[in-house]
Amino acid sequence: MAAKREDFDQDQHVQEALRYLEQKDVKKVLRDLTESLLLRQPEHPRFHMLEELWESTGRSWTPFAENIPCCFLQQKFSSPREAVHDLIHRAASTAGVRRVSFFSAPNCRGRQVLGRGEAERFSGNEFLLVDSSDQELVVGQAGHSALRDCLDVAMTRGYAAVEHAVACLIRSSEGVEGVLVAEPFPAFEAASLLPMMQLLASLLGERLTSMHWEAEARRSQTVINRLLQGVEVLAKSSEEWEKNLMQSAAEVPNEVLRGDVIMKDAAVWQLDKRTYVDICGQMDGSLSGLAEEAFVTSEVKCEVSCEELSLQSNGSHSSSREICVRLHGIGKPTVLDFFDDGERLDHFDLAAAEALAKSSLRAALQARSQLQELILRKHSTEQMQSLVSELSMATNTLDLVSSIERAVQVVTHSKKCSVFFIDKDSAEVWSYPTQSVVESFRFAFGTGLPGRIAEFIQDNSGEQQGALVYNDVKACPYLDPMPFGMDDARGIMVATIKSAGKDSKPLGLIIVGDKNIGTLNDSEDVVSAFSFWGSGKVEFTNQDSEFIDWLANAAGSHVERLSLDLMWTKALLGRNNDKSGSNTMKQDDQELISEYFTAEAVNARSRGGPQERKGPSKETATVHRFVGHVASALNFHGSANLMMSDADANAVRNLTPATYADVREWSVDYWAMTPQDEITLLINSLHLLDVFDNVTI
């Protein structure tokens, strides 16, 4: 300390100070300022002294170094982020202002925000820095404690002025936007900045309001244009649908979907019963944990959920951010999901996402859902006009099952369909192979899912049973480990085929699985068009269950009409299973079942007598079918056990019994009968009982 005192020359310092006072005429400046203060006695001495100093330089001093309001209003901005940044830096050029900052209100603009990870700061009670003219301040951090009281008062009263700061609340049509804070230099009186800051806060609030309205007007116009395109699609038949027009009508435009959110990925998740569907298809992958939580906590007042994670490994730092916004009034629980990596969340991300919850995005999603429903209904109706009529034209089991499968796939847009027939005498159900389920199955009552449902229906046949719908197959109480052709289906739908009339006997089951957008029977253009309406992971609706129930009732009379063909078909399936142990039918059996009456049979009936024909070859078997009183022998490739000679075929065709095998005679020698005599006896018996007048085989 002694050494320092020796180094410091006090006399020299005093001489330099006196020299400065004389050169700068400081005494005169102080005397003039003091004299002016005593004469005018202003309310704000410091402000008055600054005016005097500026006047001594020959210039007129005003709080604004430039015409800030006019320049701000004339400037065009692309986003609220840009508008706030511009105003802050313009205000910072005002005389006496050290820095100007913009803070978000606690809980993100005063609303309930659910924050996860590092984004938990947005759900706290701190005023977070959004932007500032001072580059040394860290965006996203809470304001220093000296500003806390000023910010709290501004939130309550709309403005506040303390010794070291002035704060004004920013309000727009969306509510509280934030707090604008000006910090003057130490020698400057903060209260003198209050009128200027109130004006700037008002200008900023009105500018943000106009930007919200302009953006919403653009979004509404876009929604109207897409609605017109959707109506144009409905005005045409499905055969005339254009891929580009369908895509344009189905997509939600980016301007409507994203607003001012500049995050990379966006999706709109919708809860279709228990399945989450990205109805916009813009985000790869599945539902995130935050989005799923947004659905679960839908009863909480929090409309916005956000999450921010930072990972540091191998010396590198990476971060991810996500925002989920719940959308109401769409008909189904819906969450708007934004995701990005590499940057941190800020106030403007949350504010822009929150604004979308009250924007025309809801109208766009509602219109999209309604258009989708109308387009699917139109497509289904057009297809049903041709498919439903096939039921009445079915002449055998193959036709019946194929018609049911096509109708189910076109109308419900399901991938798989299987038809099981109930055999009450054998206490079992059996299925015929279809295009989507290529195997045939047989279950005793009470075994396998079809068998358990059939047993339940048999025991409760007197009750009116609607279609059974299980969008989660694991929730089905009849689930059984035995395979039935749809073991990998997400959900199933089962309808009971019943006979017509008051007795309403159960005749079979229609089982449907794996609902999807686009079916096996649709053309590539139609499937491509439907793909624009979502990922296709949808569930069965009430319309689906009503249709399948109606189809099962309509099929009941046709199952009764083809009952004899069903018996024959089941026998062939059983024969084939016994021989090969396989559950699939051979090609020759399928051809056998799908055989129709030949022109030869019609000609024979018209001529009223038998016609000579070649006998079948060694690889040919004969099946007899009857129309009216005439029998016809039809050739098909089959098993050697069913081979008949030309004489046998003619004997059956002529229906001329031997004396010992004539049913009209009293004495019939059964021991002398050949297999052909037995067939002739049976056919003549049925003929005499007028069976053929009532039944077509």
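Above this text you will find the structure in question.
Along each chain, the written sequence defines residue order, and numbers are assigned to residues from 1. Given that this is a predicted model, residues contribute local features only at a pLDDT of at least 70 and side-chain atom pairs are listed and counted only at 80 or more, while totals for whole chains, interfaces and linings are drawn from all residues. Water and hydrogen atoms play no part in the side-chain values, which are based on all heavy atoms of the structure.

Q: Requested: an account of the overall build of the chain, with residues and values cited.
A: Note on conventions: DSSP H or I runs of at least 4 residues are helices, E runs of at least 2 residues are strands, and numbering of each starts at the N terminus. On a plain count of helices and strands, the chain comes out with 24 helices and 19 strands. Note on exposure labels: buried denotes an accessible area under 20% of the residue type's maximum, exposed denotes more than 50%, and partly exposed covers the range between, all computed with a 1.4 Å probe on protein chains only. For the chain, the residues scored as buried account for 47% of the 697 residues in total. Any two residues whose heavy atoms approach within 4.5 Å are treated as being in contact. In the chain, the proportion of contacts linking residues at least 24 apart, taken out of those at least 6 apart, comes to 63%. Entry remark: accessible area of the chain is about 35900 Å², with carbon and sulfur atoms responsible for 51%. In short, Shrake-Rupley with a 1.4 Å probe defines the accessible areas, and a residue's cover is counted only from the protein chains shown.

Q: Explain the environment of Ser-288 residue by residue, including any values.
A: Locating Ser-288 in the fold gives a position in the loop between strand 8 (275-278) and helix 12 (289-296). Note: C-alpha distance between Ser-288 and Glu-322 (34 residues apart in sequence) is 9.4 Å. Polar side-chain contacts of Ser-288 include one of 3.2 Å to the backbone nitrogen of Ala-291. The definition of a polar contact used here is a pair of N or O atoms within 3.5 Å, where within protein one atom must be able to donate a hydrogen and the other to accept one, and adjacent residues in sequence count solely through side-chain atom pairs.

Q: I'd like a rundown of the sheet that holds strand 4 (residues 159-161), residues and numbers included.
A: Judged by pairing direction, the sheet is antiparallel, and its five strands sit side by side in the order 3-1-6-5-4 without closing on themselves. One side of each edge strand has no neighbouring strand; the edge strands of this open sheet are strand 3 (128-132) and strand 4. Across this sheet, the average inter-strand angle for adjacent strands is 25°, counted without regard to direction. Direction of pairing for strand 1 (residues 97-104) relative to strand 3: antiparallel, over a ladder of four bridges. Note on strand 3: the bridge partner recorded for Ser-101 is Ser-132. Contacting strand 1, strand 3 and strand 6 (175-184), helix 6 (residues 80-91) runs over the sheet at an angle of about 155° to strand 1. In this analysis an axis means a line fitted to C-alpha atoms, helices contributing only their contacting stretch, and an angle means the value between N-to-C directions, from 0 to 180 degrees. Those strands touched by helix 9 (residues 194-234) are strand 1, strand 4, strand 5 (166-172) and strand 6, and its axis lies near 20° from that of strand 5. A pair of strands counts as paired when DSSP detects no fewer than two bridges linking them.

Q: Describe the nonpolar core, naming the residues involved and giving the relevant values.
A: Here, the term nonpolar core denotes a set of buried Ala, Val, Leu, Ile, Met, Phe, Trp, Tyr and Cys residues that are joined through side-chain atoms within 4.5 Å. Grouped together as the largest cluster of nonpolar side chains are 30 residues, with contacts concentrated most on Phe-102, Leu-180, Met-197, Leu-200 and Leu-204. Of all the secondary-structure elements, those providing two or more residues to this core are helix 5 (68-74), helix 6, strand 1, strand 5, strand 6 and helix 9. No other element matches helix 9, which puts nine residues into this core.

Q: Got a sec to walk through empty space enclosed by the protein? Specific residues and values, please.
A: Definitions used throughout: a 1 Å grid over protein atoms alone; a cavity as a set of points that fits a 1.4 Å probe which cannot get out; a pocket as an open set with protein on both sides within 12 Å along at least five of seven lines; a lining residue as one with an atom within 4 Å of a point. Grid points are joined across faces, edges and corners, and a volume is the space filled by probe spheres set on the points. Throughout the structure, instances matching the rule amount to four cavities of 30 Å³ or more. Put simply, the second largest cavity is a space of about 50 Å³. Taken together, Ile-453, Phe-456, Ile-457, Gln-465, Gly-466, Leu-468, Val-494, Thr-496 and Leu-509 make up the full set of residues lining the second largest cavity. In terms of residues, the lining of the second largest cavity owes the most to one element, helix 17 (residues 448-459), which gives three residues. Its residues assigned to classes, the lining of the second largest cavity shows six nonpolar, three polar and no charged. Residue classes follow a fixed rule: Ala, Val, Leu, Ile, Met, Phe, Trp, Tyr, Cys and Pro count as nonpolar, while Asp, Glu, Lys and Arg count as charged, and any other residue, Gly among them, counts as polar.

Q: Tell me about a nonpolar patch on the surface, residues and numbers included.
A: Nonpolar side chains collect at one region of the surface, where Val-14, Leu-18, Tyr-20 and Leu-21 lie side by side and expose about 340 Å² of accessible area between them. With respect to the element layout, Tyr-20 can be found in helix 2 (residues 10-24). Here Tyr-20 falls in the partly exposed class, since its relative accessible area comes to 47%. Note that patches include only residues with greater than 30% relative accessible area and no salt bridge, and the join distances are 9 Å for like charges and 5 Å for nonpolar side chains (Val, Leu, Ile, Met, Phe, Trp, Tyr). Any carboxyl oxygen of Asp or Glu within 4 Å of a side-chain nitrogen of Lys or Arg constitutes a salt bridge here.

Q: With reference to specific residues and values, describe helix 16 (residues 397-412).
A: Because an α-helix completes one turn every 3.6 residues, residues spaced three or four positions apart along the sequence face the same direction. Take the residue count of a helix, subtract one, and multiply by 1.5 Å to get its expected span. Across its 16 residues, helix 16 extends 22 Å between first and last C-alpha, which sits within 8% of the 22 Å expected from 1.5 Å per residue. The element helix 16 is extensively covered by neighbouring structure, given that 13 of its 16 residues are classed as buried. Taken from the residues just after helix 16, His-413 is the one with a positive phi, measuring 55°.

Q: Now, about the packing of aromatic side chains: what can you tell me, with residues and values included?
A: Each aromatic pair joins two rings of Phe, Tyr and Trp (for Trp, the six-membered one) with centres within 6.5 Å, and gets the label stacked for planes under 30 degrees apart, edge-to-face for over 60, and tilted for any other angle. Following the criterion strictly, the structure yields six aromatic pairs and no others. Geometrically, the ring pair formed by Phe-72 and Phe-77 is tilted, given 5.5 Å between the ring centres and 35° between the ring planes. Judged by relative accessible area, Phe-77 falls into the buried class, the value being 14%. Taking the centre distance of 5.9 Å and the plane angle of 35° together, the rings of Phe-547 and Trp-550 count as tilted. Here Phe-547 pairs with Trp-550, and both are found in helix 19 (residues 542-561), just three residues apart, close to one helical turn. Looking at Trp-550, the relative accessible area reads 39%, which means it is partly exposed. Grouped by ring-pair contacts, the aromatic residues Phe-420, Phe-441 and Phe-443 constitute a single cluster.

Q: Which residues make up unusual backbone geometry, and what values go with them?
A: Comment: phi is negative for the bulk of residues other than glycine, and the bulk of peptide bonds are trans. Even without glycine at this site, His-413 takes up a positive phi of about 55°. Secondary-structure assignment places His-413 in the loop between helix 16 and strand 12 (414-423). Here His-413 falls in the buried class, since its relative accessible area comes to 3%. One non-glycine residue, Asp-514, lies in positive phi territory at about 60°. Within the element layout of this structure, Asp-514 appears in strand 17 (residues 506-515).

Q: Could you give an account of the side chain of Asp-349, naming the residues involved and the relevant values?
A: Mapped onto the fold, Asp-349 is located in helix 13 (residues 347-356). With a relative accessible area of 2%, Asp-349 lands in the buried category. Those residues in contact with Asp-349 that sit more than four places away from it in its chain are Arg-81, Val-261, Ile-262, Arg-321, Ile-323 and Arg-344.

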